[in-house]
Structure formats: structure tokens, C-alpha cells
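Structure at a glance
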2 protein chains.
Amino acid sequence: MSLKDSLYKSLHKITRGNATMELEELCCYSYDATGKSFLPDAVVFPCSASEVSAILELASSEQIAVIPRGSGSGMTGGSLAVQGGIVMAMSRMNRIIEIDCDNLIARVEPGVVTGDFQKAVEQKGLFYPPDPASSAFCTLGGNLGECAGGPKAVKYGVTRDYVLGLEAVIPSGKIIHTGVRTAKGVAGYDLTRLIVGSEGTLAVVTQATLRLLPLPEAVKTMAVLFPTIDQAAQTVSAIIKASLVPRCVEFLDKASIECVRESFGFHIPADINAILIIEVDGSESLVAQDAEKIKKFCIDKGALQVIPAADAKEAAELWAARKALSASLFKIAPNKINEDIVVPINRIPEMVNRIQGIQKRTGLNIVSFGHAGDGNIHCNIMYHKQNPQESMLAESAMDELFAHTLDLGGTITGEHGVGITKMKYLPNEVGESEMAIMRGIKKVFDPDNILNPGKIFVC
Amino acid sequence: MSLKDSLYKSLHKITRGNATMELEELCCYSYDATGKSFLPDAVVFPCSASEVSAILELASSEQIAVIPRGSGSGMTGGSLAVQGGIVMAMSRMNRIIEIDCDNLIARVEPGVVTGDFQKAVEQKGLFYPPDPASSAFCTLGGNLGECAGGPKAVKYGVTRDYVLGLEAVIPSGKIIHTGVRTAKGVAGYDLTRLIVGSEGTLAVVTQATLRLLPLPEAVKTMAVLFPTIDQAAQTVSAIIKASLVPRCVEFLDKASIECVRESFGFHIPADINAILIIEVDGSESLVAQDAEKIKKFCIDKGALQVIPAADAKEAAELWAARKALSASLFKIAPNKINEDIVVPINRIPEMVNRIQGIQKRTGLNIVSFGHAGDGNIHCNIMYHKQNPQESMLAESAMDELFAHTLDLGGTITGEHGVGITKMKYLPNEVGESEMAIMRGIKKVFDPDNILNPGKIFVC
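Remember, predicted model here, so these are calculated numbers, not experimental data.

The interface is formed by 81 residues belonging to chain A together with 80 residues belonging to chain B. Regarding the contact of chain A and chain B, the summed buried area is about 6100 Å², with carbon and sulfur atoms giving 62% of it. Of all residues in chain A, the largest losses of buried area upon contact with chain B belong to Lys184(A), Val186(A) and Tyr189(A), amounting jointly to 16% of the total for that side. Run the count over chain A and chain B and you get eight salt bridges. Measuring nitrogen to oxygen at the nearest pair gives 3.2 Å for the salt bridge that ties Arg160(B) to Asp190(A). Those elements giving two or more residues to the side of chain A that touches chain B turn out to be strand S9 (175–179), helix H7 (191–195), helix H8 (229–241), helix H10 (284–300), helix H14 (426–429) and helix H15 (432–445) of chain A. No other element matches the nine residues that H15(A) contributes to the side of chain A that touches chain B. Grouping the constituent residues of the side of chain A that touches chain B by class yields 36 nonpolar, 27 polar and 18 charged.

Moving on, we get to the side chain of Thr201(A). Structurally, Thr201(A) is set in the loop between H7 and strand S10 (204–211). With a relative accessible area of 1%, Thr201(A) lands in the buried category. A polar side-chain atom of Thr201(A) sits 2.7 Å from a polar atom in the side chain of Tyr189(B). The residues touching Thr201(A), leaving out its near neighbours within four places in the chain, are Lys442(A), Asp446(A), Leu451(A), Asn452(A), Lys455(A), Ile456(A) and Tyr189(B).

A word on helix H3 (residues 49–62) of chain A. Residues and elements named next belong to chain A. Over its 14 residues, H3 extends 20 Å from the first C-alpha to the last, a length consistent with the 20 Å expected when each residue adds 1.5 Å. The complete set of buried residues in H3 reads Ala49, Glu51, Val52, Ser53, Ile55, Leu56, Leu58, Ala59 and Ser60. Just downstream of H3 lies Gln63, where phi reads positive at about 55 degrees.

Generally speaking, a soluble globular protein has its nonpolar side chains buried in company with each other. The biggest cluster of nonpolar side chains holds 192 residues, and the ones touching the most others in it are Phe117(A), Ile441(A), Phe117(B) and Ile441(B). Apart from the residues lying within four places of it in its own chain, the contact partners of Phe117(A) are Ile96(A), Ala106(A), Val108(A), Val112(A), Tyr128(A), Leu140(A), Leu210(A) and Leu212(A). Counting 24 residues, the second-largest nonpolar core is a separate cluster that includes Leu225(B), Ala255(B), Ile268(B) and Ala333(B).

Next up on the list: the domain arrangement of chain A. Residues and elements named next belong to chain A. You can read the domains of chain A as domain 1 (5–89), domain 2 (96–214), domain 3 (218–326) and domain 4 (332–427). Using C-alpha coordinates to define each centre, domain 1 is positioned 22 Å away from domain 2. Across the contact, 14 residues belong to domain 1 and 15 residues belong to domain 2. When domain 1 packs against domain 2, close to 1100 Å² is buried across both sides, 64% of that on carbon and sulfur atoms. Per-residue buried area on domain 1 facing domain 2 is highest for Ala49, Leu56 and Pro68; these three make up 34% of the total on that side. At the junction of domain 1 with domain 2, the criterion picks out zero salt bridges. Broken down by element, the side of domain 1 that touches domain 2 gets its largest block of residues, seven residues, from H3.

Conventions adopted
Residues numbered from 1 in each chain as written. Chains lettered and ligands numbered in written order. Predicted model: local features only at pLDDT ≥ 70, side-chain atom pairs only at ≥ 80, totals over all residues. Heavy atoms only, no water. Contact = heavy atoms within 4.5 Å. Buried area = accessible area lost by both parts, 1.4 Å probe. Salt bridge = Lys/Arg side-chain N within 4 Å of Asp/Glu carboxyl O. Helix = DSSP H or I, 4+ residues; strand = E, 2+ residues; numbered from the N terminus. Nonpolar A, V, L, I, M, F, W, Y, C, P; charged D, E, K, R; others polar. Buried < 20%, exposed > 50% of the residue type's maximum accessible area, 1.4 Å probe, protein only. Polar contact = N/O pair within 3.5 Å; in protein donor to acceptor, adjacent residues only side chain to side chain. Expected span 1.5 Å × (residues − 1). Core = buried A, V, L, I, M, F, W, Y, C linked by side-chain atoms within 4.5 Å. Domains from an automatic or database assignment.

Printed below as a string of C-alpha cells:
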């Protein structure tokens, strides 16, 4: 037992029994979607900002790490207890406090599952666009921590664009309120958007005020089948250049198609090497018009088939196939390094070429899919961890991937964050002076480095 | 001469002669739109990030204040040399470096006039939505500093939503690069949006990468005339609730109408006490459809007339009248306190009532107009500064205005910033812990408090 008995007793008391040090339970909170695992010393399940506050105050005075955690679906290790300490699972703070149709805002607790929230606002004719592939189980708190995006970011932006204000607890235990409940607000520094995307290293969000949009009247989804990956990439670039703004332009390469081939409700000929899933929304008339334009555009660029989803059910099936991709990659190899690089849209064709080059050099399967409409490509380097040769090659493939990304004016992470898996690469993108500022900001919020330590950068 | 001779010589050398200490010139850089005036010790006109860097490095070592300045159109004193020092006028850094139609981004220097930039991107079929009323003369650098908004924020958001990355110089003289050139990016803390809206107190922006949108196919503008201010306010709230999303919903009260009555190209009957200017955009068919819906909506709510602008010229005239408002208020009284409060949209009717209450109590003219579609009301308390009684009343009216705003869940500033005029009120909205964090952040960037000191809060 590495946690002092008295400390655990206090945690137990603060949370009215919602704390545990049982090994079986610690195991459940030791991993995330990276497949890495670090055993925490305890897990607590606070149910209010004041409980979060009391826990952080205690942890500060005892100098013990606290790691906030949503549903553990993060891709870069943001919720892992890399130095042990107390995992703070936000699952009990899962209330949608208010959906305000007059002002198009909602107030939520961090433990609300993103998909549940999307459905709840849709039932009121409203729309929350951020839509990570893990929406069925990830939480809004996690989305805030990483500034999650998803396919609809092409038209609608990312989580940051939908957060108006926060209630959060800083490591000292103080409860702070940032931002506004209104559409505009510039009173003082923008602490709201500083906390969003800070990967749980600055404060624990206990409530968020989110901006909503009216639900679009109509949505039209289509799958577009291309003979070559290059044609698909060229099409994405050309669609954006032509000022068409679909809400999603998703991209699947040949290997991705193979992984989810049976999940598609239509036959995919053998000579198809890339698929785009394109979705437009708006008024009925606009959607019909835009879909027609895009269809012509794709065929001009060499698409062999444009398959529109006949109805919402077929569209949902298409998305189910797309969302199943990440998990189904394990058909190819038991381990993956999953990256979410972004390049300027017109560099996608070149990036795709370079990825193929890495694949050729290493002999590893690199599966690419993702949010091509905003240049955000999920590259999955598949390998066998047990095979030291492959592990080394995978590591070198990742180095090369990031180097090419930065060379093309891109960023090493569009929506997954840095966590622990990209710490090593962050200095390739972010300069020394900028890192020094980030470290300074971390110190302002968390002078003792107790909140989610060992993430993003070394303090 | 309060600046050391040697220091001035160095400034002169760094800027290759683009520095001055001539009184006539200092006067020109001593004021802004608040009407307040503070004489700087010198004005410098750098033309590159490296000149900005050298000036800041020198100012840091000499512990002298540097005040970055766009075109001095700020409403809260952000560019005033309240403690003397060196005004850094960015007017020579006014290049549009790049408009990239492939990736829908632009790179600009801070001294570019916003309206010039809007026109330049429109010529390429693109669209930059932030649109402060001062667009004909304000600069993008100033817009970044204050996180400017304007009428189109209802649908399109504010400056912050269009900034992808920055080149900026911190007070030590170090040149930093924040953010990305891509649609998404979450590598490290969001320094970009921390600097945006920081009112020139953290860093001097020397280049910005801005996001652009395709230019909407069609725009339709209409003026809607109401017999009562309350009906207009109720209509705004109802339009938003009905999930119609015009790109602008501007509001003018009776006193505003009087100020610009002749500027309108149509007759306004005497029984009209409020006007809404509503603008929709999108595809031709959508715009026609939305305009029709909104028209019906307004008439249902009691509008006496809906006057559509027949063409772009008439629409431009309507906007010219609206944009002339701020300056033409001086017909009423020689001095004004100009506030830009925001309340949740459904509290606008109540806020309008309360403003009328303040007007009744003080006997002062309070003119209200502004961006009602996002709850952002520009309240102008008109008075005679020379009259001590009126000055006192105006001050008390402002106190009351802010108290009501916060009481209704609003914010004291939607887009003008805090500067010096709202410093006193900021603690009413932002708590002690939050202020302590802001001060801590200021210290990280500017340990000696040389960059735009005396703004937002006392360091």
C-alpha cells in the first residue's frame, strides 16, 4: 500500500465512500486507448465541484498526483497515472444540467457521454457538432481536455469553438469560473480556451457552458469510390478550393476499406483503393443542390461510383463502418501506433505519397483514414510489439511521419493531444521560448505539479 | 525630455529613423476613441518582427513601457500610454502577405486595415466575417488585441474563431510562433487564443494566420420597423429561439434612429421606436426562403414595416447608416460613455426595460443599439462632461448598467475589452482566484510589466 492510510481515509470521507484502493478496481482505471497501463494508488469518484475541491486541496497538501479521467478513450495517454497517484474518475458527475433553447446553450457536467449529449440536444431541435469517433462512450470532460474534433470540424470547428465558459477546480482546491454564458465576452484573459485542450494539466473541469446550433433541416451522406488514393486526395483538396463546404469529408485508404469492407451496405469492387465519405447539411433544397455539385465534381476527378445513402438509416450504417475502423485495425496486426497528424489541405496528396514511401521503406502496414476535409489524417502504424525488429521500424516510421508532417507545414496532433506518446516530438513543433511560456503557465495553475503530471512536457 | 537621449538614439537606429519625439507627433498618438489622452515619450514605427524584437529587448533592459497601437479606434483605452513610454505604432507593418485559396487561409501583418483585408479576400471569392463598425480604419492587429466582433458574430463568431496561429514578440524580445497553419491543432497549450483578446498586454503580434470562408453566394438585408422597443427586443429573442440564424440582427432604439434618420434611404414614420437590421446569407434559394420566413416572423411580432434592400447598394446604405451611428451620437451631447454589455438573448427585453429605468432615474439620454442577435448591446450614456452633476449621474448610470448586466447573467464587455475604462468593474465579473491566475499569466509573459502596463488589471 503506497498511499498513506490516513490519506485514503480522508479521500473516502470526502467522497462519502466513493473511493477505492482495490487492485481489481485500480486495474480498470490503469489503461486507456493507447494500450499502455499504469496502476494508480487510488481511484476517487467525486460527485460535485466541492468534492473535487476537497480532494485537490488534500492532494496539494500531501503533494500527491491527481489524474482526472473521463472514460479512458484517449489516444495519447492523457488519463494515465504515469507516476501513480489518485485517479479522479468523473463518471458520477454526468448530469446535463440545462439545455436552454432560448439562448442556444447547455450546461453540462464533465462525465456526460458525448453521444448522449448529442442525442439530448437533437431531441430539442438543437445540434452539438463536435463528434469524436468514440462518441458512444467518450465524455465531454475528456473532449474538453483534448479539444476533440471529429469529422464535422470541416464546417463546424472543434470543441474549443463550442465552449463559452467553465467551472473548474485548480490544484489548490479553489473553484474558478471562466468565460461567459453569452455569445460574446472578452473580460480579461481567455482562461476558458486555455483550459480547453490543456489535457487536464491546469484544472479539473466540473461544469461547462456549451454553445449549441439549430439542428440542420437536412443531411445528405454519400460514399465516393476512387480507383487510386491519389485521386481521392486530389478531390478533397479540389472540393475545398471550390468553396464547397461539406460538413464532413472522411477518407479511407485501401487497408481501411479491407478492415471494414463487410460493414458497408454495398459492394466495393476490387479495383477501389480509396473511399471518401462526404456529408452535406443545410436546408432541403441546398443539400440536394450541394450533393449534386459534389457528385459531379468527384466524377470529374475520377471517382468510379458515388453511392448516396438513401435515408438516415443507411447514412448511420456508413458512419458505423467509419467509426468501427479504429478498433477493427487489429485484424491487421496486434499493435498500432495511432497518429492524428494534420497538413494543409492542398498538401494531402503529397502527404499520402510520403506515407506510402514510409510504408515501402519499413515494410509495415500503415493504414490511413480520417478527417481529410480539414487535413487531419489518422495514420495507424500496425506492427507486432513482440517483434523487436518491427517495434524499431514502427518507432522510426513515426519519427519519419512527424518529420514529413512538419515539413509540409502541418502539426503533429489535430485532436488527440500530446499526452505521453507525443511528448518526445512536441519540441520539434513548438520552440523553446513557447515551451518556456507553457511551463510558466502550468506553474501559475499548478505550482507543485500535482495535476496530471508527466504529460505534454516535462515541468 | 523624459526619455534618455541615448535610448531615443537607439530607437532611431533600430527603426532606421522611424521614431519620433516631436510633440506634434506625440499628440497624434496620445488619444483613442475614448476621448482620453496621454502623451507618450516617443513613438516608433517598426517594419518587421526583428525591429519589434529589438525595441522590446531595449525597453525591457531600460524598464520602459511599450504600448502597441493599431489605428487608435479602441473604445476602452487599450492603446493609450497611460504611464508614458514608447507607443509602438504598427502602421508600417501593413502587408497582406498571402491569401491562400487552396487552404482557405491568409497571412497578414497587424497594421492591415480590416476593411482592406475584407475587400482583398472578397476579390478572391473568400470571406473574413469579423466586422467591427470601425472596419474602414481599424486594423487587424487591434482586432486581435481586443477580439473584435461586429454584427456578423451571430452566425460566424468573433476574431478568435478566425485566428489559427500567430507570430508575436514577447517583452523579452523573443519572437514566438503559436498555433498552426491548419484547420485543427492541439499541440500544447493554446497560446494563440490566450494572446487574442489580451489587449496587447502579453505580446506584440507581428503576423497572424487567419482562417477564411467561402464567400456566401447571396446576401439579403432588410430593415424592420417596430412601434415599440419591447417588440423589437422580443422579436430578436424569438428569431433565435426559432432556430433561424441570420448573419446579423442589429438593433437601433428611438434615439439612435433620430441620430441617423437622414442617412436611411427611406421614410421612417414618427411612431417607429425601434429598427432591426436583419441580414441573411447563403445560397440564392436559401436566402430568399429565410428572408420570407423572417419577414413573416417580424410581422407576427408586431413590426409595422419590413423594408428589404433592393440591391447591394441599398444594403450598403443601410450599413453605412448603422456604422455612422457611434460618431453621430454627439448630436445629442458632447460626451458619451460607450459600453458594450452582453446579456443572454432572452434577457434582452428585460435589459432594455432596465436601461429605460436608468434613463428615467438619471434623466440622461442613454442611446442603445448594437448586435442584438448575440445579446451584445452598445449602450451610450450621453452627457456634458463640463457639468459636474451630469458627470456624476453618468458615472452612476454606468455602475447601474453593469450591475444589471451581471445580474442578468451577462458580461461587461462583448468586444471592446477592459482597457482602462472597465478596470474598476472587472472584479465585479471576474473573481479573485481568476484575477490571480491572469496576473500570474501576465508575469510569465511580461515579468517586468513593461508591455501595455496599467491595462485590464493592476499587476
